[in-house]
Amino acid sequence: DQPRSRGLGDVYKRQDLISVIVPVYNVEDYLEKSLSSLLIQTYRKLQVIIIDDGSTDNSGEICDYYGANDGRIEVYHIQNAGVSNARNQGLNYAKGKYIYFFDPDDSLEPDALWTLYKQIKNGADLVECSYFKDFTNVKEEVIHQEKKISSQEAIRSLLLWDGYLTSFCWDKLYNKEKIGDIRFDSKLKIGEDNLFVFEYLLKCESVIVLDCPLYNYLIRENSAIGNVYTEKKKDSVRAAGTIYEICSKRSMMHYEAKIHVGLASFFSYANLLNTVPYEKIKEFKSDCKFYIDSMKVCSCGLLWKLVGIKMTILYKTAQYIPFLYKASGFIRRKSR
């Protein structure tokens with residue numbers, strides 16, 4: 001699609017600048033592959049903003065090397081304050097008409113940004129691509145049905161956790177003007193991207209979802225949303241709670257927002273039941289109470305109507321008979 005010979009200079013001038021924001025913290029083992037996949041993009045008109053968030057390994061030096069060898073790259077070294085603050089700093093430096101968030105342990109397919117750009121120029125306010133789950137030795141495709149949807153459809157999909165409109169920030173191309181003063185909540189360690197995407201969708205009219213996987217999402221054992229439970233996962237419930245408050249104030253999607261809180265609680269609670277060692281019994285009981293209290297927002301009828309019978313059974317079993325839920329999970333894993 002993109003011209004590759006005659007008139008490249010004119011094409012480049014007509015293209016819009018895309019600002020790519022890359023928050024970096026202690027990812028020296030992945031950074032070269034990630035940045036290389038970004039710099040070989042067929043879409044060339046980029047402002048690559050790397051925010052080194054106080055890395056203590058060699059990440060900062062690697063960033064400086066790339067910055068010295070490609071004029072599109074700007075490197076900023078800041079004190080460690082978390083990924084949300086780093087992304088916010090990147091937004092403050094962004095000059096592009098469009099914004100793309102890129103995680104420094106992942107990688108892009110060569111035509112990723114060009115494909116997203118073509119689609120957002122077709123009149124959408126947001127474009128989301130499908131992606132690969134990269135388990136290092138094997139890749140698993142996550143493919144969405146390709147179509148153009150209204151912002152209301154997109155918000156409903158996000159609230160019901162149906163996987164179609166994801167809560168990730170890295171599989172989407174945004175319009176900087178639409179972002180405006182929206183920023184990531186730096187108090188949240190997990191769920192900050194969910195809240196950001198929701199607030200952005202409130203400003204949208206239409207969204208395009210693509211069936212082509214363009215992003216390689218590396219699944220690391222020590223990643224923030226991996227299988228090992230940490231107390232940070234309560235932040236995903238707090239983010240969902242903020243979304244519920246916004247929906248209540250706007251008198252919109254009241255029931256879907258309840259489901260959103262309930263499912264955020266359920267997913268983290270299920271993770272807790274499956275991974276926390278029982279020697280941490282005090283913390284275990286405290287976190288269990290937090291999730292169970294949050295899950296009370298959803299009745300059986302509401303769950304049954306909006307997410308189906310299977311999820312309703314799992315949800316209520318975890319809420320009221322957690323030992324049975326844990327046992328059933330063991331049986332389900334053994335049967336695979």
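Residues numbered from 1 in each chain as written. Predicted model: local features only at pLDDT ≥ 70, side-chain atom pairs only at ≥ 80, totals over all residues. Heavy atoms only, no water.

Draft legend 1. Local environment of the pairing of strand S3 (residues 73-78). Strand direction decides the pairing type here: strand S2 (residues 46-53) and S3, joined by 6 bridges, are parallel. Considered in S3, the bridge of Ile51 is made with Tyr76. Considered for its hand, the β-α-β crossover made up of S2, helix H3 (residues 59-69) and S3 is right-handed. (Pairing = 2+ DSSP bridges. Helix = DSSP H or I, 4+ residues; strand = E, 2+ residues; numbered from the N terminus. Right-handed = clockwise from strand over helix to strand, strands pointing away.)

Draft legend 2. Quick peek at the pattern of salt bridges. Counting across every chain of the model gives 17 salt bridges. A salt bridge links Lys187 to Asp185; the shortest N-O distance between them is 3.3 Å. A relative accessible area of 66% means that Lys187 is categorised as exposed. On the basis of relative accessibility, which here comes to 22%, the residue Asp185 falls in the partly exposed class. The residue Asp287 makes a salt bridge to Lys234 at a minimum N-O spacing of 3.1 Å. (Salt bridge = Lys/Arg side-chain N within 4 Å of Asp/Glu carboxyl O. Buried < 20%, exposed > 50% of the residue type's maximum accessible area, 1.4 Å probe, protein only.)

Draft legend 3. Structural context of the confidence of the model for the protein. Residues with a pLDDT of 70 or more make up 91% of the protein, whose mean pLDDT is 92. Note that residues 1-7 has pLDDT below 50 and, in this model, 10 contacts with residues that lie over four places away or in other chains. (pLDDT = per-residue confidence, 0-100. Contact = heavy atoms within 4.5 Å.)

Draft legend 4. Representation of the environment of Asn58 in the model. By the element assignment, Asn58 lies in the loop between S2 and H3. Relative accessible area serves as the criterion here: at 45%, Asn58 is assigned to the partly exposed category. With 27 residues separating them in the primary sequence, Asn58 and Leu31 have C-alpha atoms 9.8 Å apart.

Draft legend 5. Structural detail: the packing of helix H2 (residues 31-39) against H3. Interaxial distance between H2 and H3 falls to 10 Å at its minimum, and their mutual angle equals 25°. As far as their axial angle goes, H3 and H2 are roughly parallel. In this structure, H2 crosses over H3, and the sense of that crossing is right-handed. Residue-level inspection shows Leu31, Glu32, Leu35, Ser36 and Leu39 of H2 in contact with H3, the latter providing Ser59, Ile62, Cys63 and Tyr66. Its residues assigned to classes, the contact of H2 with H3 comprises 6 nonpolar, 2 polar and 1 charged. (Axes fitted to C-alpha atoms, helices over the stretch in contact; angles between N-to-C directions. Parallel < 35°, antiparallel > 145°, perpendicular 65-115°, else oblique. Left-handed = near helix turned anticlockwise from the far one by under 90°. Nonpolar A, V, L, I, M, F, W, Y, C, P; charged D, E, K, R; others polar.)

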